[in-house]
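# Close look at the chain arrangement
The lines below spell out each chain.
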Amino acid sequence: MDEYKIQCTDGIYTIETKLIGKALLTIPQLNKGTAFTMKERMDFKLIGKLPLKVETLSEQVNRCYLQFKGYKQPYKKNIFLNNLLNYNQVLFYALIVENLVEMLPYIYTPAVGSAVKEFSHEFRMPRGLYISYPDMNFMDTMIDNRTNEDIDVIVVTDGEGVLGIGDQGIGGADIPVAKLMVYTACGGVDPSRTLPIFLDVGTNNKDLLEDPMYIGWRRERLTGDLYDEFIEKFVSSVKKKFPGVLLHWEDFGREKAYENLHKYKDKILSFNDDIQGTGVITAAAVLSVVNITRVPLNQQKIVIFGAGAAGTGIAEQICKAMIQSGISEKKARSLFYLIDKNGLLVSGIDDLNAMQDKYKRTKPEVVNWNKNKSGEYSLLETISQVKPTILIGTSGVSGAFNKKVITEMAKHVEMPAVMPLSNPTYCAEVVPEDLVAWTNGNVLIATGSPFPNVIYKDRNYEISQCNNALAFPGIGIGAMLTKSKVITDNMLYAASIAISDYMSRVGGSNVSLLPTIADSIKLAKIVARAVAAASINDNVNTINIDINNLEKKIEKDFWIPRYLQYEFG
Ligand code: NAD
């Protein structure tokens, strides 16, 4: 951890290190490759170890871009980019930032899904920490074995609920790594102040358990008290080592995601992107629907198909946004209709979890509705009875929003909003091309996976992606900026408002609901400002910053990939 120090004298940053020769070419945080200057090559015993030409970062980026283009399969592109990060951190981020729109899908979703599945087979280099239950007694030692001393943000997973592909055991370790890449590329978080952590509590994925190459803990997942005790020990160690750190929980299974967030959100600065981040970005899309259609929030009716972690989390976040905007909780909840495997959630259905229970409808409300053969209220029946303005899909059921469903919805609403959010692409409840055709172009769309624009009757429909990457970097840096004690509902609401306001400013006459990834860096700063201001207004900041100086501070702290000069010492 003391191999090098970054110094700042008169606003000029330099790297001070005693390392020489090969070490400088193999530590990714220090390697500049062909960009080491002649003086540095002499001072650090690198002369003769590099080709003669001293290149600029930009020249290196151009070469890497051509190499990247040489790979055809998304998964190979993901491997190429990860290998690049293994040997040169600045070059990796410079390449990503310069080509953000093109490259984000290869470091993050959807390509990271394939990397996760192949983790044990393609494993090359460890990254971050692997904290396994059998090593639990060495919790503090494992955390001390990290590479970087000071940590601002940790992304942690136990790999139980990865993307839309479920329990991936140790493969889930790729997710915190990818998420932190986005924090850095879009949110300007210094990568050497981030720490990805995988908590290995086993896996229930039979294929993995039977795979001789599997490199995680080969046994069924821990449950109950043993699991809780492990998480407790982890959180208290993190809290002790890094007071004030942002602990970002990612891709836990549905129950654990809620339990952990609920249990620790007031004990350590916590954020769960699957629940809160997804909620924030979808609430932003809903606020954009309000801006475009001019139908106020309290007159929107929202059907959510797939009442799992994402579906109920989205309902909760939109509901909170409604409450913050002045609607009573009772009224807000009454605007939602949630559907799961057994049809509409209605009282009397067994096995509703606590989150689903909040949204169940009463029996008298549906007394005149038609049940299907299985005795349930179907999606089509719900659409025809409720006449919703917004339909959200988080079921993972490809094609569930068929022509009948969409045309029924469009019969009753001038401009329906449909959000098939299920990932990966083949899980989408409907594809935008069909949506546009079935509604004769009168539709607002946001999807979970990226889709190309749709050309219909000579009009170009830009398809918004409900991408959490538009929300979580800004939320994270906003909370870190004020060293917030917790993330409050107001902070999350402020993020949704900031995103939809930005959209209404830049969107013009377009019918897109959300900004694009091309805007993500600019947006992260805007969201961060709004979130930090809400933290101050809610009195949960632990450092004093003048609200009027937030922008300056965000700009000043924003990490950008560039090479620093080396000094021996
Ligand atoms: P989950 O397993 O917790 O939830 C899925 C829910 O769908 C479950 O409750 C399941 O019972 C229900 N379901 C399954 N079949 C159904 C059917 N035929 N009819 C109605 N309901 C059915 O998973 P999750 O974490 O909530 O994720 C769901 C989907 O949302 C995934 O595809 C995920 O990729 C996507 N998602 C998208 C975003 C985003 O776009 N920003 C964010 C998070 C999740």
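Scope of this entry: the structure provided in the associated data block. (Residues numbered from 1 in each chain as written. Predicted model: local features only at pLDDT ≥ 70, side-chain atom pairs only at ≥ 80, totals over all residues. Heavy atoms only, no water.)

### Observations regarding the packing of helix H3 (residues 57–70) against helix H6 (residues 100–107)
Two elements in contact, H3 and H6, have axes whose closest approach is 13 Å; the angle formed by their N-to-C orientations is 55°. When the interaxial angle is binned, H3 and H6 end up oblique. Taken as a pair, H3 and H6 cross one another with a handedness that is left-handed. Contacts between H3 and H6 pair Tyr-65, Phe-68 and Lys-69 from the former with Glu-102, Met-103 and Tyr-106 from the latter. Residues belonging to the contact of H3 with H6 are distributed by class as follows: 4 nonpolar, no polar and 2 charged. (Axes fitted to C-alpha atoms, helices over the stretch in contact; angles between N-to-C directions. Helix = DSSP H or I, 4+ residues; strand = E, 2+ residues; numbered from the N terminus. Parallel < 35°, antiparallel > 145°, perpendicular 65-115°, else oblique. Left-handed = near helix turned anticlockwise from the far one by under 90°. Contact = heavy atoms within 4.5 Å. Nonpolar A, V, L, I, M, F, W, Y, C, P; charged D, E, K, R; others polar.)

### Overview of the side chain of Asn-353
Here Asn-353 lies in the loop between strand S10 (343–344) and helix H17 (354–357). On the basis of relative accessibility, which here comes to 17%, the residue Asn-353 falls in the buried class. (Buried < 20%, exposed > 50% of the residue type's maximum accessible area, 1.4 Å probe, protein only.)

### Details of the pairing of strand S9 (residues 336–340)
By the criterion of burial, S9 is predominantly enclosed, with 4 of the 5 residues buried. For strand S8 (residues 302–305) and S9, the ladder comprises 4 bridges, and the chain directions are parallel. What sits directly across from Ile-302, in S9, is Phe-336. One ladder, built from 2 bridges, connects S9 with S10; its direction is antiparallel. For Asp-340, the partnering residue across the bridge sits in S10 and is Gly-343. In sequence, S9 turns back onto S10 through a hairpin of 2 residues. (Pairing = 2+ DSSP bridges.)

### Re the sheet that holds strand S2 (residues 12–17)
Strand order across the open sheet formed by 3 strands is S1-S2-S17, with mixed pairing between neighbours. Two strands in the sheet have a free side with no partner beyond their single neighbour: strand S1 (4–9) and strand S17 (565–568). Averaged over neighbouring strand pairs, the angle between their axes works out to 35° when direction is ignored.

### Brief notes about the site of the ligand
Near the ligand, the surroundings consist of 20 residues, among which Ala-309, Ala-310, Asp-340, Cys-466 and Asn-468 are the closest. Between the ligand and Ala-309, the relevant distance is 3.0 Å, taken from an oxygen atom to a main-chain nitrogen or oxygen of the residue. A distance of 2.7 Å is found between a nitrogen atom of the ligand and a side-chain nitrogen or oxygen belonging to Asn-468. Summarising the interface, the protein chains cover 78% of the accessible area of the ligand, which totals 860 Å² for the free molecule. Among the residues forming the shell around the ligand, the class breakdown is 7 nonpolar, 10 polar and 3 charged. (Near = heavy atom within 4 Å. Polar contact = N/O pair within 3.5 Å; in protein donor to acceptor, adjacent residues only side chain to side chain. Areas by Shrake-Rupley, 256 points an atom, 1.4 Å probe, with all protein chains shown as cover.)

### Some details on the sheet that holds strand S11 (residues 390–393)
Strand order in the open sheet formed by 7 strands is S10-S9-S8-S11-S12-S13-S16, with mixed pairing between adjacent strands. Two strands in the sheet have a free side with no partner beyond their single neighbour: S10 and strand S16 (464–465). On the sheet, helix H14 (residues 273–293) packs against S11, strand S12 (417–420) and strand S13 (444–447) and is oriented at approximately 160° with respect to S12.

### A word on the environment of Thr-439
When you line up the elements, Thr-439 lands in the loop between helix H20 (432–438) and S13. Residue classification places Thr-439 among the buried residues on the basis of a relative accessible area of 7%. Counting along the chain gives 28 residues from Thr-439 to Lys-411, while the straight-line C-alpha distance between them is 9.0 Å. Excluding its chain neighbours within four sequence positions, the residues that come into contact with Thr-439 are Ile-406 and Ala-410. Within the structure, Thr-439 has its side chain in polar contact with the backbone oxygen of Leu-435 (distance 2.7 Å).

### Considerations on the pattern of salt bridges
Going through the model one piece at a time under the given rule, you end up with 27 salt bridges. Here Lys-69 makes a salt bridge to Glu-102, at a shortest N to O gap of 2.7 Å. With Lys-69 in helix H3 and Glu-102 in helix H6, this pair connects stretches of sequence that are 33 residues apart. You can call Glu-102 partly exposed: its relative accessible area is 27%. Of the charged contacts in the structure, one is a salt bridge between Asp-266 and Lys-265, with a shortest N-O distance of 3.7 Å. On the basis of relative accessible area, Asp-266 is assigned to the exposed category, the value being 58%. (Salt bridge = Lys/Arg side-chain N within 4 Å of Asp/Glu carboxyl O.)

### Brief notes about the nonpolar core
Core analysis: the biggest nonpolar cluster contains 143 residues, and Phe-336, Leu-391, Met-419 and Ile-475 have the highest contact counts within it. Filtering out sequence-adjacent residues up to four positions away, Phe-336 remains in contact with Ile-302, Ile-304, Ala-315, Ile-318, Cys-319, Met-322, Tyr-359 and Arg-361. If you look at the next biggest cluster of nonpolar residues, it comprises 33 residues, including Met-139, Leu-195, Leu-247 and Ile-275. (Core = buried A, V, L, I, M, F, W, Y, C linked by side-chain atoms within 4.5 Å.)

### Notes on the side chain of His-248
Along the chain, His-248 falls in strand S6 (residues 246–249). One polar contact links His-248 to Tyr-183, side chain to side chain, over a distance of 2.8 Å. Those residues in contact with His-248 that sit more than four places away from it in its chain are Ile-154, Val-155, Val-156, Lys-179, Tyr-183, Phe-271, Asp-273 and Phe-472.

### Some words on the packing of aromatic side chains
If you walk through the whole model with that rule in mind, you get 18 aromatic pairs. Between Trp-249 and Tyr-264, the ring centres sit 5.8 Å apart and the planes meet at 15°, which makes this aromatic pair stacked. Linking Trp-249 in strand S6 with Tyr-264 in helix H13 (residues 254–264), this pair joins segments that are 15 residues apart in sequence. Like Tyr-264, Trp-249 is buried. When the ring centre of Tyr-106 is taken as origin, the NZ or CZ atom of Lys-77, which lies over that ring, is 5.5 Å away. (Phe/Tyr/Trp six-rings, centres within 6.5 Å; stacked < 30°, edge-to-face > 60°. Lys NZ or Arg CZ within 6 Å of the ring centre and 35° of its normal.)

### Focus on the state of the cysteines
Under the definition given, this model contains 0 disulfides. In this structure Cys-319 is a free cysteine whose sulfur lies 17 Å from that of Cys-466, the closest cysteine sulfur available. (Disulfide = S-S within 2.5 Å.)

### Some thoughts on unusual backbone geometry
That bond from Thr-109 to Pro-110 is cis: its omega, 0°, falls within 30 degrees of zero. For Pro-110, the position within the fold is in the loop between H6 and helix H7 (111–117). Not every positive phi belongs to a glycine, and Asp-251 is a case in point at roughly 55°. Relative to the elements of secondary structure, Asp-251 occurs in the loop between S6 and H13. Among the residues examined, Asp-251 registers a relative accessible area of 2% and is labelled buried.

### Digging into the environment of Lys-32
Residue position: Lys-32 is located in the loop between helix H1 (22–26) and helix H2 (38–43). On a C-alpha basis, the gap between Lys-32 and Val-486 in space is 38 Å, while along the polypeptide they are 454 residues apart. Among residues more than four places away in sequence, those in contact with Lys-32 are Glu-40, Gln-60, Asn-88, Tyr-563, Leu-564, Gln-565 and Tyr-566.

Remember that the coordinates give geometry; whether it matters functionally is a separate question.
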